[in-house]
Amino acid sequence: MSLIVQKFGGSSVKDAEHVFNVAGIITDTYKAGNQVIVVVSAQGDTTDDLIAKAKEINPSPSKREMDMLLSTGEQISISLLAMAIEKLGFPVVSLTGWQVGMHTDSNYSAARIRKIEQERVQKELDKKNIVIVAGFQGINRYDDITTLGRGGSDTSAVALAAALHADLCEIYTDVDGVYTTDPRIVPNASKLEEITFDEMLELASLGANVLHNRSVEMGKKYNVNICVRSSLTKAPGTIVKEVVDMEKMLVRGVAKDSDVARISICGIADTPGKAFKIFSLLAKKNINVDIILQSIGRDNMKDISFTTPEDRLEEALQILEENKAVLDYQSLDYTKDVSKVSIVGAGMVSNPGVAAKMFEALYEAQINIHMIATSEIKVSVLIDAGCETKAVRAIHDKFELG
Ligand code: ADP
Ligand code: ASP
Ligand code: MG
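Cut-offs used in this document
- Residues numbered from 1 in each chain as written.
- Chains lettered and ligands numbered in written order.
- Predicted model: local features only at pLDDT ≥ 70, side-chain atom pairs only at ≥ 80, totals over all residues.
- Heavy atoms only, no water.
- Pairing = 2+ DSSP bridges.
- Helix = DSSP H or I, 4+ residues; strand = E, 2+ residues; numbered from the N terminus.
- Axes fitted to C-alpha atoms, helices over the stretch in contact; angles between N-to-C directions.
- Contact = heavy atoms within 4.5 Å.
- Near = heavy atom within 4 Å.
- Polar contact = N/O pair within 3.5 Å; in protein donor to acceptor, adjacent residues only side chain to side chain.
- Nonpolar A, V, L, I, M, F, W, Y, C, P; charged D, E, K, R; others polar.
- Buried < 20%, exposed > 50% of the residue type's maximum accessible area, 1.4 Å probe, protein only.
- Parallel < 35°, antiparallel > 145°, perpendicular 65-115°, else oblique.
- Left-handed = near helix turned anticlockwise from the far one by under 90°.
- Salt bridge = Lys/Arg side-chain N within 4 Å of Asp/Glu carboxyl O.
- Areas by Shrake-Rupley, 256 points an atom, 1.4 Å probe, with all protein chains shown as cover.
- Core = buried A, V, L, I, M, F, W, Y, C linked by side-chain atoms within 4.5 Å.

Caption draft 1: Looking closely at the sheet that holds strand β17 (residues 371-375). The six strands are arranged β14-β15-β13-β16-β18-β17 in an open sheet whose pairing can be described as antiparallel. Looking at which strands have only one partner, the edges of the open sheet turn out to be β14 (292-294) and β17. Taken pair by pair, the neighbouring strands of this sheet meet at an average axis angle of 25°, ignoring direction. Sheet analysis places β17 next to strand β18 (residues 378-384), joined by five bridges and oriented antiparallel. Along β18, the bridge assignment pairs Thr374 with Val379. Strand contacts of helix α12 (residues 354-364): β16 (331-344), β17 and β18, with the helix running at about 20° to β18, the strand carrying the most contacts.

Put into structure tokens, the structure is as follows:
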């Protein structure tokens, strides 16, 4: 007997027919003699619809109340899925994040899981129940509901698999695995049999939303192998694991992210400590900064540019404006009209020329690069918004990933 965690995304449970399809997958797994924990997301576009509803009432609601609202989407799916399984004649119980004891910090809308209690889930498994858990939600130390960030149900699933020492964690979605790039943008993208945690973490963080990046982080930390597969076909899927059997590929995948804003701080004194001051102010407010570029000093002045997620732009600008006197800069320049395109691959560390090949693809497509960032396993470029799909296709073709 194995313990299997199965997670189903919103598109997999979008209506009654899909709910019964998922119920079939779960009960087949249970019938085969396994214990099954299921994590489920809100149906279809429910989360987006709830966000729109909130905005009708208050354009800038508190994050606490947003989490209270958004967590209801998952509560609908767990009960409906449990009802479908009851109808098929199997023992089942649905549980919210707080019933499970999914403890998080208090960073509403992007909470991190701190601890998962095992008692309740274990008790239900011992009673031979199929256990359905609401993804994406947790509870903080004030007993308030938190959410883990968009796409966070993947993280709920991997965290439960880690806490309960599951034998397998399956993420069922609307594609049959992880591809060299989003198959909806590049139809000839190839499915990967396997990918390492590190590569998947980069791809997910750089915009490949097939997995929530923190689920991959958690899989790596607790060594939970993750299988990404389709809820609509029986195709084998992609395994995310520590070591892959395939030779290190130069470029494993291409990702794009349109949720990017660029801020430039112009005319800062070319003295030690400026970068420290700027980025510690932003870090205090949990603002994620990605690509950073500093110009060389000229006339004792320099410029520092960096990117943030779009929804943190206003806050970042406000912090910089409030601290203008301390930071002592001349002006701020910013835009949301940028996108990030990245290549990821563990093989690039030992192969010079990979970045040049990417830049050649962009040149041939006549796409201008604004900023560049590299690490051992990735190269990212910042380009004009609207060019990202063309860029992904050009780079994907150049590296012959199709
Ligand atoms: P779910 O609702 O099941 O969580 P998501 O929409 O979050 O599903 O993730 C699945 C989507 O991720 C796919 O429909 C696909 O368009 C997108 N995607 C982006 N990059 C990739 C990639 N490299 N491989 C597979 N899918 C990708
Ligand atoms: N329902 C949440 C969202 O749409 C969480 C998830 O789907 O994983 O982001
Ligand atoms: Mg998702």
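Caption draft 2: Structural detail: the site of ligand 1. Taken together, 17 residues lie around ligand 1, and Thr173, Asp174, Tyr179, Asp182 and Arg184 are the ones closest in. For ligand 1, an oxygen atom lies 2.8 Å from a polar atom in the side chain of Asp182. Interatomic distance of 3.2 Å between a side-chain N/O atom of Asn209 and an oxygen atom of ligand 1. Across the shell around ligand 1, the residue classes break down as six nonpolar, seven polar and four charged.

Caption draft 3: Helix α8 (residues 213-222), seen in detail. Taken together, the buried positions of α8 are Arg214, Ser215, Val216, Met218 and Gly219. Elements that come into contact with the buried residues of α8 comprise β5 (113-116), α6 (153-163), α7 (197-205), β11 (226-230) and β12 (238-241). Directly after α8, the chain includes Asn223, whose backbone phi takes a positive value near 50°.

Caption draft 4: Broad picture of the packing of α12 against helix α13 (residues 388-398). In the contact formed by α12 and α13, the axes pass within 9 Å of each other and the chain directions differ by 130°. As the angle between them shows, α12 and α13 are arranged oblique. Crossing handedness for the pair α12 and α13: right-handed. Every residue of α13 that contacts α12 at Lys357, Met358, Glu360, Ala361, Leu362 and Glu364 is listed here: Ala391, Ala394, Ile395 and Lys398.

Caption draft 5: Structural context of the pattern of salt bridges. Throughout the structure, instances matching the rule amount to 21 salt bridges. For Glu194, the salt bridge goes to Lys241, with nearest N and O atoms at 3.2 Å. Remark: Lys241 occurs in strand β12 and Glu194 occurs in strand β10 (residues 194-196); sequence separation between them is 47 residues. Residue Glu194 is classed as buried on the basis of its relative accessible area, which comes to 11%. In this structure, Lys302 engages Asp270 in a salt bridge whose closest nitrogen and oxygen atoms are separated by 3.6 Å. Taken together, the residues span a long stretch of sequence, with Lys302 in strand β15 (residues 301-308) and Asp270 in the loop between β13 (253-269) and α9 (274-284) at a distance of 32 residues.

Caption draft 6: Region of the structure containing the site of ligand 2. Around ligand 2, the structure places Ser41, Ala42, Thr47, Glu74, Phe136, Arg150, Gly151, Gly152 and Ser153. Side-chain polar atom of Thr47 to a nitrogen atom of ligand 2: 2.8 Å apart, as the coordinates give it. For ligand 2, the protein covers 86% of the area, taking 270 Å² as the surface of the free molecule. Looking at the shell around ligand 2 residue by residue, the class counts come to two nonpolar, five polar and two charged.

Caption draft 7: Summary view of the side chain of Arg312. Residue placement: Arg312 occurs in the loop between β15 and α10 (313-322). Accessibility expressed as a relative area gives 14% for Arg312, which makes it buried. For Arg312, the residues in contact, after removing those within four places along its chain, are Lys285, Asn286 and Ile287.

Caption draft 8: Layout of the nonpolar core. One finds Ile37, Leu160, Met200 and Val240 to be the most contacted residues of the largest nonpolar core, which totals 45 residues. Per-element accounting of this core gives the leading share, seven residues, to α6. Apart from residues lying up to four places away in sequence, Leu160 is in contact with Ile37, Val39, Val100, Met102, Ile116 and Val133.

Caption draft 9: Up close: the packing of helix α2 (residues 46-57) against helix α3 (residues 63-87). The N-to-C vectors of α2 and α3 enclose an angle of 145°; their axes lie 9 Å apart at closest approach. Crossing hand, α2 versus α3: right-handed. Contact residues: Thr46, Thr47, Leu50, Ile51 and Ala54 in α2; Met66, Leu69, Leu70, Thr72 and Gly73 in α3.

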